[in-house]
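Notes for the structure review
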Amino acid sequence: MKLPNQFYRPLAIGAPAPLRELPVKVERMIHFVPPHLEKLRAKVPELARQVDVVLGNLEDAIPADAKEAARKGFIEMAKSTDFGSTGLWTRINSLNSPWILDDLIEIVAAVGNKLDVVMLPKVEGPWDIHYLDQLLAQLEARNGVTKPILIHAILETAEGVKNVDAIAAASPRMHGISLGPADLAASRAMKTTRVGGGHPDYRVLADSDPGQGLRAAYQQDLWHYTIAKMVDACASAGIKAFYGPFGDFSDSPACESQFRNAFLLGCAGAWSLHPTQIAIAKRVFSPDPAEVAFARRVLEAMPDGTGAVMIDGRMQDDATWKQCKVVVDLARQVAA
Ligand code: GLV
Ligand code: MG
């Protein structure tokens, strides 16, 4: 199964695609729920009306002695909640853990027909996706699951980054890839102690100015290279790229800035780990109305997507038309 492609595929001549061909799923935030905690599980029905995706997390952040309770809690919440058009995902334990087999066997048997996507952590190469693909095929057949369960990989090891192109193209079940900055930092031996975001010491100094004592320092984006590499792999395979977690819940501006960098570089969404991050993701991953209005003017000025026009002193041509199409398509999806 091939996902409807959310990315604009340039046509030789840029006639707009008919509206009905636009993809329908907007996934601006993948909201993480720890399903072993009854108090948080109780909030899921309300949450499902606020977010694009609810994910029951079974992996990291769930203590080893709560793994079974989390799995059972996930099944319970999946059964008892009407998710409507909201996506239902789970992050299973990693392939080399003692829990993954039971995670899949029990969950697909109990709620396989409600489950949209399985998020697989610590993916190192296409072989991990092939294994999960076959396992899901067996379990779907055994349990009479009627729609294919998709796979979302987390990019969080140096080996995985090396193989990201092959991971993105490993199976028609591939839904997308998320950056996992915390595990990736550890895998690369980066000298950080945080979950995503920047670091005040990762910066460049402005050239020294003999007349001034202080030199300006500019913080750099630790994740620029990886996000760009992941976005290229996903776009060329026709799947979606996501920024993952931002762990400092007390710093909403920094979270927003990290999400925005990912959005501008081509990501479709990010994880929300805390209720405050839902609104941030919604704001960031929905296109700015002023930008949409400008993009519409460009599309209207070049109805067949070719040629060159000047709008507000800026040159527009076939290539900017395609960029504007991405923005306008996203606005339509968000409004749908
Ligand atoms: C997410 O799983 C991460 O490691 O950042
Ligand atoms: Mg991780």
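Close approach of charged atoms lets side chains of opposite charge pair. Per the stated rule, a full pass over the model turns up 20 salt bridges. A salt bridge links Arg71 to Glu106; the nearest nitrogen and oxygen atoms lie 3.4 Å apart. Of the two residues, Arg71 sits in helix 3 (residues 67–80) while Glu106 sits in helix 4 (residues 100–111), which places them 35 residues apart along the sequence. Taking the shortest distance from any N to any O, the salt bridge between Glu106 and Lys72 comes out at 3.3 Å. Pair noted here: Glu106 is in helix 4 and Lys72 is in helix 3, with a separation of 34 residues, a long-range link. For Glu106, a relative accessible area of 27% translates into the label partly exposed. In the salt-bridge network here, residues are joined through shared partners; they are Glu59, Asp60, Arg91, Lys122, Glu156 and Asp183.

For the rest of this paragraph, the subject is the environment of Phe259. With respect to the helices, strands and loops of the structure, Phe259 is situated in helix 10 (residues 252–265). The exposure class assigned to Phe259 is buried, which follows from its relative accessible area of 0%. It is 28 Å that separates the C-alpha atoms of Phe259 and Ala70, two residues lying 189 residues apart in sequence. Residue contacts for Phe259: discarding those within four places in its chain leaves Tyr243, Gly244, Phe246, Ala270, Trp271, Gln277, Ile280, Ala281, Val284 and Phe285.

Attention now moves to the side chain of Asp103. Locating Asp103 in the fold gives a position in helix 4. Exposure remark for Asp103: the relative accessible area of 0% places this residue in the buried category. In contact with Asp103, other than residues within four places in its own chain, are Leu58, Arg71, Ile92 and Asn93.

Following the sequence through the fold, Arg91 ends up in strand 3 (residues 87–91). Its relative accessible area of 7% is what places Arg91 among the buried residues. At a separation of 3.0 Å, a polar atom in the side chain of Arg91 contacts the main-chain carbonyl oxygen of Asp60. Each residue touching Arg91, except ones within four places of it in the same chain, is listed here: Phe32, Leu55, Gly56, Asn57, Leu58, Glu59, Asp60, Met119, Pro121, Ile154 and Trp271.

Here the magnesium ion (ligand 2) is held by the protein donor atoms Glu156 (OE) and Asp183 (OD), which lie 2.1 Å from it. Placement of the pair is Glu156 in the loop between strand 5 (150–155) and helix 6 (158–162) and Asp183 in helix 8 (residues 181–187), with a sequence separation of 27 residues. Residue classification places Glu156 among the buried residues on the basis of a relative accessible area of 3%.

In terms of nonpolar packing, the biggest core is built from 69 residues, with Leu104, Ile129, Ile177 and Phe259 touching the most fellow members. It is helix 9 (residues 224–237) that provides the largest number of residues to this core, a total of six residues. Contact partners of Leu104, with chain neighbours within four places excluded, come to Ile92, Ala109, Val118, Leu132, Leu135, Leu136 and Leu139. In terms of nonpolar packing, the next biggest core, distinct from the first, is built from twelve residues, Val53, Leu150, Phe242 and Trp271 among them.

Moving on, we get to helix 4. Taking 1.5 Å per residue as the helical rise, helix 4 with its twelve residues ought to reach 16 Å, and the 16 Å between its terminal C-alpha atoms agrees with that figure. If you check which residues of helix 4 are buried, you get Ile100, Asp103, Leu104, Ile107, Val108 and Val111. Looking down the long axis of helix 4, one finds its buried residues gathered within 105 degrees of arc, a one-sided arrangement. If you follow the buried residues of helix 4, they end up packed against helix 3, strand 3, strand 4 (117–120) and helix 5 (126–143).

What counts and what doesn't
Within any chain, residue numbers begin from 1 and follow the written order of that chain's sequence. Labels follow written order: the first chain is A, the first ligand is 1, and so on. Residues qualify for local features only when their pLDDT is at least 70, as the model is predicted, and side-chain atom pairs are given and counted only at 80 or more; totals for whole chains, interfaces and linings, by contrast, use all residues. No hydrogens and no water enter the side-chain calculation; it runs on all heavy atoms of the structure. Salt bridges are identified by distance alone: a Lys or Arg side-chain nitrogen within 4 Å of an Asp or Glu carboxyl oxygen. Secondary structure is summarised from DSSP: a helix means a run of H or I of at least four residues, a strand means a run of E of at least two, and numbering begins at the N terminus for each. Burial classes: relative accessible area under 20% of the type maximum marks a residue as buried, over 50% as exposed, and values in between as partly exposed (1.4 Å probe, protein chains only). Contacts are residue-level and defined by heavy atoms, with any inter-residue pair within 4.5 Å sufficient. Whenever a nitrogen or oxygen atom comes within 3.5 Å of another N or O atom, the pair is scored as a polar contact, on the condition that within protein one atom can donate a hydrogen and the other can accept it, and that pairs from neighbouring residues in sequence are kept only if both atoms are in side chains. Metal donors were taken as nitrogen, oxygen and sulfur atoms no farther than 2.8 Å from the ion, or 3.2 Å where the ion is Na, K or Ca. Water is excluded, so coordination may look unfinished. Buried Ala, Val, Leu, Ile, Met, Phe, Trp, Tyr and Cys residues that are joined via side-chain atoms within 4.5 Å together make up what is termed a nonpolar core. Under the convention used throughout, the expected extent of a helix is 1.5 Å for every residue step, that is, one less than its residue count. Working note: the arc is built from the helix axis to C-beta atom directions.

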